[in-house]
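Structural overview
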Amino acid sequence: MPRDAGFVNAVEVVYLGIAALVAITFLGFIGRLSAAGVQVTNASQDAARAAAIARDPNEARTAADAAVQRSGLPGRCLGDPSASMSWNPSDLGTWQGGTVTVTVSCNVSNQALTGVWTPGERTVTVSDTQVVERFRR
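The structure reproduced in this document is the subject of the present report.

The rules behind the values
Residues numbered from 1 in each chain as written. Predicted model: local features only at pLDDT ≥ 70, side-chain atom pairs only at ≥ 80, totals over all residues. Heavy atoms only, no water. Helix = DSSP H or I, 4+ residues; strand = E, 2+ residues; numbered from the N terminus. Rg over C-alpha atoms; globule rule 2.2 N^0.38 Å. Buried < 20%, exposed > 50% of the residue type's maximum accessible area, 1.4 Å probe, protein only. Contact = heavy atoms within 4.5 Å. Lys, Arg positive; Asp, Glu negative; His and termini not counted. Charge placed at Lys NZ, Arg CZ, Asp CG, Glu CD. Pairing = 2+ DSSP bridges. Axes fitted to C-alpha atoms, helices over the stretch in contact; angles between N-to-C directions. Phe/Tyr/Trp six-rings, centres within 6.5 Å; stacked < 30°, edge-to-face > 60°. Salt bridge = Lys/Arg side-chain N within 4 Å of Asp/Glu carboxyl O.

Of the regular secondary structure elements, the protein chain holds 4 helices and 3 strands. Here the C-alpha radius of gyration of the protein chain, 24 Å, is well above what a compact globule of 137 residues would show, namely 14 Å. Over its C-alpha atoms, taken along the principal directions, the protein chain stretches across nearly 90 × 25 × 20 Å. Put simply, the protein chain has 137 residues, and 29% of those count as buried. When contacts within the protein chain are restricted to residue pairs at least 6 apart in sequence, those whose partners lie at least 24 apart make up 61%. Side-chain charges of the protein chain comprise 11 positive and 11 negative groups, with the mean position of each set lying 4 Å from the other.

As a further point, take the sheet that holds strand S2 (residues 99–109). Taking strand neighbours across the sheet as the criterion, the 3 strands line up as S1-S2-S3 in an open arrangement whose pairing is antiparallel. A single partner strand is all that each edge strand has here, and the edge strands are strand S1 (82–88) and strand S3 (121–131). Pairwise comparison of adjacent strand axes, ignoring direction, gives a mean angle of 15° for this sheet. With 11 bridges connecting them, S2 and S3 associate as antiparallel partners. Of the residues in S3, the one forming a bridge with Thr99 is Val131.

Let us look at the packing of aromatic side chains. A complete count under the given rule lists 1 aromatic pair for this structure. Consider the rings of Trp87 and Trp95, whose centres lie 5.2 Å apart with planes at 75°: the pair is edge-to-face. Trp87 sits in the partly exposed class, given a relative accessible area of 31%. Using a relative accessible area of 6% as the deciding quantity, one classes Trp95 as buried.

On to the pattern of salt bridges, then. One pass over the full model with this rule turns up 1 salt bridge. Residue Asp46 pairs with Arg49 through a salt bridge whose shortest N-O separation is 3.1 Å. Placement of both Asp46 and Arg49 in helix H1 (residues 10–52) is noted, with a separation of 3 residues, approximately one turn of the helix. A relative accessible area of 42% means that Arg49 is categorised as partly exposed.

The structure is reproduced here in structure tokens:
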């Protein structure tokens, strides 16, 4: 019977250490990507709410852009986050009673997501739709 039977070999410890490091880095990447998605979702919801309480589509577009700039996204994104707005009129063809959809996109570097040097970037895009209040003037 060999002398070190039952003990972990030094080579096995190195392999286990590398596997653990890769697993921890991957879990960190997934967690940070999820956090970025939550932040973009929150910005999209805030922008859609701000647009839905505006008096007209032009004011709504300005309110949505302002809401995205107030969020924490400008510090997280590579460059400025982009926000686009579209709206569907009500059955009467008016702004009140229609719906407004705001789509927010943010490019995040992979290095910011993993915590270690990795090339490239990811784009996180989220849309939110709100109903424009029918009786607001």
